[in-house]
Structure formats: structure tokens, C-alpha cells
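Coordinate inspection notes
Each chain, written out:
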Amino acid sequence: MTERHELRWGGFAGLAFVVLAMLGRFLPGNPPTVGDSDSTISSWVSDHRTTILFSSLLWAAAAGLVIWFAVAFAEAMRERAERSDVHLALMAGAVLVGGAIFVNAGMQAALASGISGRDAAITLSMFQLSALTTTLIGFAAALPLGAAGIGVLRTHVMPDWLGYLSLLAAVVSFLGAFGVFATSGAFVAGGWLMSTVPLLVSAIWVLAASGYMVREHLPELTTGPETAVPQM
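Source: prediction; values computed, not measured.

Observations regarding the overall build of the chain
Assigned secondary structure in the chain consists of seven helices and two strands. Reading the chain from its N terminus to its C terminus gives the helix and strand order α-α-α-α-α-α-α-β-β. Scored against the burial criterion, the 232 residues of the chain give a buried share of 47%. Partitioning the contacts of the chain with sequence separation of at least 6, the portion at a separation of at least 24 is 75%. Counting only carbon and sulfur atoms, one obtains 68% of the accessible surface of the chain, whose full area is about 11100 Å².

Details of the side chain of Ser-130
Mapped onto the fold, Ser-130 is located in helix 5 (residues 120–155). Contact partners of Ser-130, with chain neighbours within four places excluded, come to Asn-104, Met-107 and Gln-108.

Remarks on the packing of aromatic side chains
The full count for this structure, using the stated rule, is nine aromatic pairs. Centroid distance Phe-69 to Phe-73: 6.0 Å. Interplanar angle 45 degrees. Geometry classified as tilted. Of this pair, Phe-69 and Phe-73 are both found in helix 3 (residues 49–78), four residues apart, which corresponds to roughly one turn of the helix. Like Phe-69, the residue Phe-73 is buried in the burial classification. Here the aromatic cluster, defined as three or more aromatic residues joined through ring pairs, consists of Phe-139, Phe-174, Phe-178 and Phe-181.

Focus: unusual backbone geometry
In this structure, His-156 is a non-glycine residue whose phi angle is positive, near 55 degrees. As for its position among the elements, His-156 is in the loop between helix 5 and helix 6 (160–176). A residue is classified by how much of its surface remains accessible, and His-156, at 32% relative accessible area, is partly exposed.

Considering the pattern of salt bridges
All told, the structure shown has one salt bridge when counted by the stated rule. Linking Glu-75 and Arg-78 is a salt bridge whose minimum nitrogen-to-oxygen distance equals 2.7 Å. Linking Glu-75 with Arg-78, this pair stays in helix 3, spanning three residues, or about one helical turn. For Glu-75, a relative accessible area of 26% gives the class partly exposed. Relative accessible area serves as the criterion here: at 28%, Arg-78 is assigned to the partly exposed category.

Some words on the environment of Ile-67
Among the secondary structure elements, Ile-67 is positioned in helix 3. Between the alpha carbons of Ile-67 and Val-97 there is a distance of 8.2 Å; along the sequence they are 30 residues apart. Excluding residues that lie within four positions of it along the chain, Ile-67 makes contacts with Ala-94, Val-95 and Gly-98.

Quick word on the nonpolar core
Residues Phe-17, Phe-73, Leu-90, Met-158 and Trp-205 are the most contacted members of the largest nonpolar core, which totals 47 residues. At the level of secondary structure, the elements contributing two or more residues to this core comprise helix 1 (5–26), helix 3, helix 4 (86–113), helix 5, helix 6 and helix 7 (192–214). Setting aside residues no more than four positions away along its own chain, Phe-73 makes contact with Leu-90, Ala-148, Val-152, Met-158, Trp-205, Ala-209 and Met-213. Of all hydrophobic cores here, the second largest spans 12 residues; its members include Ile-41, Val-45, Leu-111 and Ala-112.

Section: the environment of Arg-25
Considering the arrangement of structural elements, one finds Arg-25 in helix 1. Along the sequence, Arg-25 and Ser-55 sit 30 residues apart, while their C-alpha atoms lie 7.2 Å from each other. In this view, Arg-25 contacts Asn-30, Pro-31, Trp-59, Trp-192, Thr-196 and Leu-199; residues no more than four positions away in its chain are not counted. A polar atom in the side chain of Arg-25 sits 3.4 Å from the side chain of Asn-30.

Observations regarding the packing of helix 4 against helix 5
Between helix 4 and helix 5, whose axes approach to 8 Å, the crossing angle comes to 160 degrees. With respect to helix 5, the element helix 4 is oriented roughly antiparallel. Between helix 4 and helix 5 the crossing geometry is left-handed. Looking at the contact of helix 4 with helix 5 residue by residue, the classes come out as 22 nonpolar, eight polar and one charged.

So, how was this worked out
Residues numbered from 1 in each chain as written. Predicted model: local features only at pLDDT ≥ 70, side-chain atom pairs only at ≥ 80, totals over all residues. Heavy atoms only, no water. Helix = DSSP H or I, 4+ residues; strand = E, 2+ residues; numbered from the N terminus. Buried < 20%, exposed > 50% of the residue type's maximum accessible area, 1.4 Å probe, protein only. Contact = heavy atoms within 4.5 Å. Areas by Shrake-Rupley, 256 points an atom, 1.4 Å probe, with all protein chains shown as cover. Phe/Tyr/Trp six-rings, centres within 6.5 Å; stacked < 30°, edge-to-face > 60°. Salt bridge = Lys/Arg side-chain N within 4 Å of Asp/Glu carboxyl O. Core = buried A, V, L, I, M, F, W, Y, C linked by side-chain atoms within 4.5 Å. Polar contact = N/O pair within 3.5 Å; in protein donor to acceptor, adjacent residues only side chain to side chain. Axes fitted to C-alpha atoms, helices over the stretch in contact; angles between N-to-C directions. Parallel < 35°, antiparallel > 145°, perpendicular 65-115°, else oblique. Left-handed = near helix turned anticlockwise from the far one by under 90°. Nonpolar A, V, L, I, M, F, W, Y, C, P; charged D, E, K, R; others polar.

Below, the structure is given as C-alpha cells:
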């Protein structure tokens, strides 16, 4: 396989996504949970208004980058398994995740932008909507992460350990989505365990995969009249 710069740029997009996602998550600090009072949540949003708005901009940019990364990754898989639809599941899932991230960024911006003079009960409802959406993104992320893991193990486009790591991230993200059923405690939606941990595990996988893509350190393909076989 000849070196193609779209693969490398897809890797750079993945690296940029990780940076923006980490800044977007941690810049405003640790938010309250959906189980906290409306006054506590309103005070936190008011005190962190500027950083929340900046965080929403970072997440909006990250939404496009994760799609770019996934499309480049899917293309690398497609070249090695043309008869498989796994790469389509990866791209479809990435579009779903990227779209959900962008919408959630907009809700986050709306939450902070109009905090002045707004009724605390309305702020609470908006905060809960954003926290639940954040948690449900993990459910959507299970599709592209699972597809990527299966694709890696089938095609050996990258080391097998990256495939297993992707499957682990898919399981963690899927389980984290069940935080929508909790109203308090460690398993609450939008909390550290059910939202931040899945994000961190997924970010580690994106970071590792992007490193291989940036270096274009993938198995080469030798093509014949009818077949394309990975050469490890």
C-alpha cells in the first residue's frame, strides 16, 4: 500500500480530538451531579459561565475531528476487507457520536449563556438534559468502538492489542450509559464513573490508533489480480 496523506491527517485529527475533548471535559472543573439541588447547580453554572462556554466551543470542534479520524480509520480497514461492512458500521457510528457531541455542545452553551436571571428550576432541567445526553453518548460510542475493534482483529490493520482495547472501550462506554437510571451516588448520569471513565478509556484508544496513523505504521498490502493480502 502506498503512503497516503489522508491516513496521516486522519491521525492528526484523532490527536486533536483527544486534546480538545480533554480540555472540554476538565476546563470547567468537576460539575455537580443531577442529584444536586437546583441552587447548587445554578451557582456552579454561574461561577463557571466563561469556561463552560469555552468548553462548548472545544466540544463543537472535537465533534468534526472524531468523524474525520473515524473515516480515515475505516478507509484503512476497507482496503483490507472489501467484502466486510464493518467499516460502514464504524463510519455510521462515528457520525452518530459526532452529531451527538455537537448537539450536546450547543445545549451546554445554552445552559451557560442565559444563566443570568433564569429561574433555577429551568437551569436544573437544562443541566439534567445535558448530563443525560453526555451519558447516552457512551451508548452511541459503543457502535464505532466495537466495529473498530472487530475490524482490527479481522484485518490486522493495527496490532491486535488495539483491537482488544477498542472492544474494552466499547463495553465500558455501553455500561456507562446505564447511568441514566441512577439519580444519586457514584453511578449517576454525567458523573465521573459513568461518563468520564468511558471518555478516558476511549481517548486512550484514539490516541494510540492516531499514533499509528500519523506514522503510517500500518501493514503493507500486496495486491494481485484478485486478492489483497496484508503483509505483517
